[in-house]
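So you can see what is in the structure, the chains are spelled out below.
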Amino acid sequence: MQIGFNFTLGETTPMVQQLAREGAIDYVELLIDNFLHVPVAEMAAAFDVPVGFHIMFSRFIEVDDATLDTFAAQLKPFIDTLQPLYVSDHIAYFTHQGRALFHLGEIDYQADFERVRERILKWQALLGCQMHVENYPSIVDGSDDAPMFFERLMADTGCGTLFDLSNAVCAWRNGGPSLHAWREVMKQARHFHVSSYNTAFADDRVTVDSHDGLMAADTLAGLRAYRDLMDKPGATLTYERDENIHYDSVLEDLLKLREIYAEVPTCASLP
């Protein structure tokens, strides 16, 4: 398993470069929306390790074709030059009846399938690559349909799932599907996310994806329980931290991941 770190803010460049230099991470995931203003050559020179691309604000499900064409034209030179390990995006709504949402809006996993399917096919065609779409830390009643939605979407469009295990833990804590229900998705996925969660500021009965601290015990237990489905050739696991970004704390969690995915000795290598 290749372990990576999400790079979202230019001010953290020295820390991320140090993590790469010291071997704590194998690659850097760029929140590429934040760096489209940076010359491609400068981005290519920033890190001595491979990169992955994570897209936050394409809003590919709801924007018009011209807007998506423009975004693709901005992004394509970065894909062509940096040859990322993967390109990923979010299945979510950003507006409701023309008004911007404060938090991302979750789709209806039954009613919205055809719309998402159509837009995934268009988005992949524009970028000329496979898109890996992330599961949501669900809070809606219909989230039990989410695992089957992703299985069907992968089969129908050729896209991949960027399976966020801590998002799945959030969904389970909010009354959604168990981790076990995601087994087929984990089996097919090659790219993964993990981070911390917290309680929502508006209602402490709701668990939200927070990226603000150390991973929880049940998240680590999930990684251990499903390691056999996640760890495979070419697989990546990105550790996300967007708040409280302190080197020692980030390294503490990265070392936990290194321990979980340490090479299991084969019979031939045993003394």
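Within an unreviewed UniProt entry, the label attached to the protein chain reads Methanobactin biosynthesis cassette protein MbnB, and the organism entered is Chitinivorax tropicus.

Draft legend 1. Expanded view of helix 8 (residues 217–225). Where helix 8 is concerned, the buried positions are T219, L220, G222 and L223. Take helix 8 and look down its axis: the buried residues cluster within an arc of 155°, on one side only. Residues of helix 8 that are exposed and point over 90 degrees away from its buried face: A217, R224 and A225. Contact partners of the buried residues in helix 8: helix 6 (165–173), strand 9 (191–194), strand 10 (197–199), helix 9 (227–230), strand 12 (236–239) and helix 10 (247–260).

Draft legend 2. How the structure looks around the packing of aromatic side chains. Evaluation of the coordinates by the stated rule reveals 11 aromatic pairs. Between the aromatic rings of F71 and W123, the centroid separation amounts to 5.9 Å while the plane-to-plane angle is 40°, which identifies the pairing as tilted. Residue F71 is found in helix 3 (residues 65–82), and its partner W123 is found in helix 4 (residues 113–127); the two are separated by 52 residues along the sequence. Each of the two residues, F71 as well as W123, counts as buried. Chaining the aromatic ring pairs together yields one cluster made of Y109, F113, F149, F150, F163 and W182.

Draft legend 3. Representation of the state of the cysteines within the structure. According to the stated counting rule, one finds 0 disulfides in the structure shown. Of all cysteine sulfurs, the one in C129 lies closest to C159, which takes part in no disulfide; the gap is 12 Å. By relative accessible area, which is 4% here, C159 ends up buried.

Draft legend 4. Broad picture of the layout of surface pockets. Approximately 1300 Å³ is the volume attributed to the largest pocket. Taken together, 44 residues line the largest pocket, and the ones lying closest to its centre are M56, H103, L104, Y136 and D209. Sorting the residues of the lining of the largest pocket by element identifies strand 2 (27–31), strand 6 (99–105), strand 10 and strand 11 (207–209) as the ones contributing at least two each. At 5 residues, the largest contribution of residues to the lining of the largest pocket is made by strand 6. Within the lining of the largest pocket, the residues separate by chemical class into 20 nonpolar, 15 polar and 9 charged.

What counts, and where the lines are drawn
Residues numbered from 1 in each chain as written. Predicted model: local features only at pLDDT ≥ 70, side-chain atom pairs only at ≥ 80, totals over all residues. Heavy atoms only, no water. Buried < 20%, exposed > 50% of the residue type's maximum accessible area, 1.4 Å probe, protein only. Helix = DSSP H or I, 4+ residues; strand = E, 2+ residues; numbered from the N terminus. Arc of directions from axis to C-beta. Contact = heavy atoms within 4.5 Å. Phe/Tyr/Trp six-rings, centres within 6.5 Å; stacked < 30°, edge-to-face > 60°. Disulfide = S-S within 2.5 Å. 1 Å grid on protein atoms, 1.4 Å probe; cavity = no way out; pocket = protein on both sides within 12 Å on 5 of 7 lines; lining within 4 Å. Points joined across faces, edges and corners; volume = space filled by probe spheres on them. Nonpolar A, V, L, I, M, F, W, Y, C, P; charged D, E, K, R; others polar.

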